[in-house]
Amino acid sequence: MSETPAPYGSGAGGAAPAPRRVRIPHLMELKERGERWAMLTAYEQYAAEIFDRAGIPVLLVGDSASNNVYGNATSLPVTVDELIPLARAVVRSARRALVVADLPFGSYQASPEQAFLTSARFMKEAGAHAVKLEGGRPVLPAIAKLVESGVPVMGHLGFTPQSEHALGGYRVQGRESDAAKRLVEDALAVQDAGAFAVVLEMVPAAVAQEVTATLRVPTIGIGAGPHCDAQVLVWQDFAGLRTGPMPRFVKQYANLASVLDEAAQAFARDVVEGTFPGDEHSF
């Protein structure tokens, strides 16, 4: 029998064992106990398996696949048809984690009915356990429709990448007092519409702290300071697979780009020099 991973949340020493499959009530219990937890993006089998074994309780099949899998400059071009196979692979590979699928730009803004039909595809075709969508008041009818229809919803406030052109680029949201007040109000409205958690992206730490203290559902920070109930990073960022300038909020825990570069050079050198394949690799 394989060894059981450390429990989800920060209380690894004395908390209850991790559930067989993480469910939304487990995340609520972590909030109530004041235990923090981590979320990572995943887009394919091996990352999902590794993060699941490591005890990451929530995996996000983000629309960030647009610029981390498909080579686009932003998250805007990715489609539902492109994301569903990725979500299906992650769901098949993660035995314990709750898998959340992003609804890409243009797949839910038209109406609550459009949001439901898109979400139904992710749940039926990919097996996703929940969906995530961006925005505050304008998407409240969509959140309510989804929740009423049995679709768990994660919200996303602050900097919302799908609205980057309207927001004037990658900018911290909620710095001014009026904007901070609106963000808190939006968070409450998203919660009251039925969302089980809210991502806060590029929000001043003090504002994220206020939102976290105000909501009864978990907050998930990305560039929102240390006071959120959880933190999320894009896995290619945290593992150092993506190179070049990084956002301020990214901490790199490995340098996979360097490891793969060295491995590829060593393989090419062995082939050129005729040392691979050797007798041990031949039949």
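Quick caveat, the model's predicted, so the values are computed rather than measured.

We now examine the pairing of strand β3 (residues 98-102). The buried fraction of β3 amounts to 5 of the 5 residues, a majority that puts the element mostly inside the structure. Every second residue of β3 is oriented toward a common face, with Leu 98, Val 100 and Asp 102 on one face and Val 99 and Ala 101 on the other, all of them buried. Where strand β2 (residues 58-61) meets β3, 4 bridges bridge the pair, whose relative direction is parallel. Residue Leu 60 lies in a different strand from β3, and its bridge partner there is Val 100. In the classification by handedness, the crossover that spans β3, the intervening helix α5 (residues 112-126) and the parallel strand β4 (residues 130-132) is right-handed.

Within the largest apolar cluster, 60 residues are counted, with the highest numbers of intra-cluster contacts made by Phe 51, Leu 59, Phe 122, Leu 133 and Leu 200. Residue contacts for Phe 122: discarding those within four places in its chain leaves Val 80, Leu 83, Ile 84, Ala 87, Ala 101, Asp 102, Leu 103, Pro 104, Gly 127 and Ala 128. Leu 60, Val 100, Ala 130 and Met 154 belong to the second largest nonpolar core, which has 18 residues in total.

This part is about the pairing of strand β8 (residues 230-233). Direction of pairing for strand β1 (residues 37-41) relative to β8: parallel, over a ladder of 4 bridges. What sits directly across from Met 39, in β8, is Val 232. Here 2 bridges tie strand β7 (residues 219-222) to β8, and the two strands are oriented parallel to one another. For Gly 221, the partnering residue across the bridge sits in β8 and is Gln 231.

Taken as a whole, the largest pocket holds about 750 Å³ of empty space. Along its surface, the largest pocket is lined by 34 residues, and Glu 201, Met 202, Ile 222, Pro 247 and Phe 249 are the ones closest to its centre. Going through the elements one at a time, β1, α3 (65-68) and β6 (197-201) are the ones with two or more residues in the lining of the largest pocket. Residue classes in the lining of the largest pocket are distributed as 16 nonpolar, 9 polar and 9 charged.

As a further point, take the UniProt feature "binding site: Mg(2+)" (unreviewed entry) in the protein. Residues given the UniProt feature "binding site: Mg(2+)" (unreviewed entry) here are Asp 63, Asp 102 and Glu 134. These residues run over 72 residues, yet every pair of their C-alpha atoms falls within 11.0 Å of each other. Lining residues of the largest pocket drawn from the annotated set just named are Asp 63, Asp 102 and Glu 134. Relative to the helices and strands, Asp 102 is located in strand β3. The buried category is assigned to Asp 102, whose relative accessible area is 2%. The contact partners of Asp 102, leaving out residues within four places of it in the chain, are Leu 60, Val 61, Gly 62, Asp 63, Leu 83, Phe 122 and Lys 132. For Asp 102, the side chain forms a polar contact with the main-chain nitrogen of Asp 63, separated by 2.9 Å. Along the chain, Glu 134 falls in the loop between β4 and α6 (140-148).

Conventions adopted
Residues numbered from 1 in each chain as written. Predicted model: local features only at pLDDT ≥ 70, side-chain atom pairs only at ≥ 80, totals over all residues. Heavy atoms only, no water. Buried < 20%, exposed > 50% of the residue type's maximum accessible area, 1.4 Å probe, protein only. Helix = DSSP H or I, 4+ residues; strand = E, 2+ residues; numbered from the N terminus. Pairing = 2+ DSSP bridges. Right-handed = clockwise from strand over helix to strand, strands pointing away. Core = buried A, V, L, I, M, F, W, Y, C linked by side-chain atoms within 4.5 Å. Contact = heavy atoms within 4.5 Å. 1 Å grid on protein atoms, 1.4 Å probe; cavity = no way out; pocket = protein on both sides within 12 Å on 5 of 7 lines; lining within 4 Å. Points joined across faces, edges and corners; volume = space filled by probe spheres on them. Nonpolar A, V, L, I, M, F, W, Y, C, P; charged D, E, K, R; others polar. UniProt positions renumbered as here; feature names shortened; annotations may be inferred. Polar contact = N/O pair within 3.5 Å; in protein donor to acceptor, adjacent residues only side chain to side chain.

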